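Residue-level structural notes
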Amino acid sequence: MTLPAVLLARMCVGLGEGVALPSMSNMVAAHVPASAKARALGMSFTGFHSGNLVGLVLSPLILMRFGWQALFYTFGLLGLPLLAVWLAVAPAPNRTAADATQHKHADGLSSSSSSSSSSSGGSRGEAVSVWKLLSHRATWAII
């Protein structure tokens, strides 16, 4: 594998990981009572970073003993119990994007207020193009 290919692969991994911490903070803010938010954030950040450390220690051992394919199987299988817990515990989404749009119109929001929110980056139920995301400095800060 060439150095540019490795760098490109690492950049793609970074793009995926870059949304993990803000997403955890958003979920805690939305679904955890105020009295437990600090503990919930501490636990989720500890788990995130501990998982990185364990992966960095175990990956070379698995790679040397069983080959690179075993890394994908091992870490994929380790995620299945987490998926089961997530499906049992995580709350279902409240509304779909279409429901949110209908709800907005039912509340009597005018098209002028809706268009002003879309010009500032899009509201919760609207689709946002990749080009619009890439035009904001905050996106580049995450990347």
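Residues numbered from 1 in each chain as written. Predicted model: local features only at pLDDT ≥ 70, side-chain atom pairs only at ≥ 80, totals over all residues. Heavy atoms only, no water.

1. Focus: the overall build of the chain
Scanning the chain from N- to C-terminus turns up eight helices and zero strands. Ordering the α and β elements of the chain from the N terminus gives α-α-α-α-α-α-α-α. Out of the 143 residues in the chain, the part that is buried amounts to 9%. Residue pairs in contact within the chain that sit at least 24 positions apart in sequence constitute 22% of those at least 6 positions apart. (Helix = DSSP H or I, 4+ residues; strand = E, 2+ residues; numbered from the N terminus. Buried < 20%, exposed > 50% of the residue type's maximum accessible area, 1.4 Å probe, protein only. Contact = heavy atoms within 4.5 Å.)

2. Digging into the confidence of the model for the chain
Detailed reading of predicted coordinates is not advised where the pLDDT is low. The pLDDT averaged across the chain works out to 79; a share of 76% of its residues lies at or above 70. For the chain, per-element mean pLDDT is lowest for helix α6 (residues 111-119), which scores 44, and highest for helix α3 (residues 37-66), which scores 92. Here residues 106-122 is a poorly scored stretch, pLDDT under 50, and it has twelve contacts once near neighbours within four places are set aside; other chains count. (pLDDT = per-residue confidence, 0-100.)

3. Side note on the packing of helix α2 (residues 20-31) against α3
Any two packed helices are characterised by how steeply their axes cross, that is the angle between the axes, and by the distance between the axes. Contact pair α2 / α3: the axes reach a minimum separation of 10 Å and the direction vectors enclose 155 degrees. When the axis of α2 is compared with that of α3, the two are roughly antiparallel. Judged by the twist between their axes, the crossing of α2 over α3 is right-handed. Counted together, Ala-20, Leu-21, Met-24, Ser-25, Val-28 and Ala-29 of α2 and Lys-37, Ala-40, Leu-41, Ser-44, Phe-45 and Phe-48 of α3 form the full contact between these two elements. Looking at the contact of α2 with α3 residue by residue, the class counts come to nine nonpolar, two polar and one charged. (Axes fitted to C-alpha atoms, helices over the stretch in contact; angles between N-to-C directions. Parallel < 35°, antiparallel > 145°, perpendicular 65-115°, else oblique. Left-handed = near helix turned anticlockwise from the far one by under 90°. Nonpolar A, V, L, I, M, F, W, Y, C, P; charged D, E, K, R; others polar.)

4. Some remarks on a nonpolar patch on the surface
Together, Met-27, Tyr-73, Leu-77, Leu-80, Leu-83, Trp-86 and Leu-87 make up an exposed nonpolar region whose accessible area comes to about 780 Å². Looking at the nonpolar patch element by element, the count peaks at six residues for helix α4 (residues 68-89). In this fold, Tyr-73 is placed in helix α4. (Patch = residues over 30% accessible without salt bridge, like charges linked within 9 Å, V, L, I, M, F, W, Y side chains within 5 Å. Areas by Shrake-Rupley, 256 points an atom, 1.4 Å probe, with all protein chains shown as cover. Salt bridge = Lys/Arg side-chain N within 4 Å of Asp/Glu carboxyl O.)

5. Here's the deal with the pattern of salt bridges
Within the structure shown, the criterion is met by one salt bridge. One salt bridge in this structure joins Arg-10 and Glu-17, with 3.7 Å as the shortest N-O distance. Among the residues examined, Glu-17 registers a relative accessible area of 37% and is labelled partly exposed.

6. As for the environment of Ser-25
Within the fold, Ser-25 resides in helix α2. On a C-alpha basis, the gap between Ser-25 and Leu-41 in space is 6.8 Å, while along the polypeptide they are 16 residues apart. The contacts of Ser-25, once residues within four sequence positions are left out, are Leu-41 and Phe-45.

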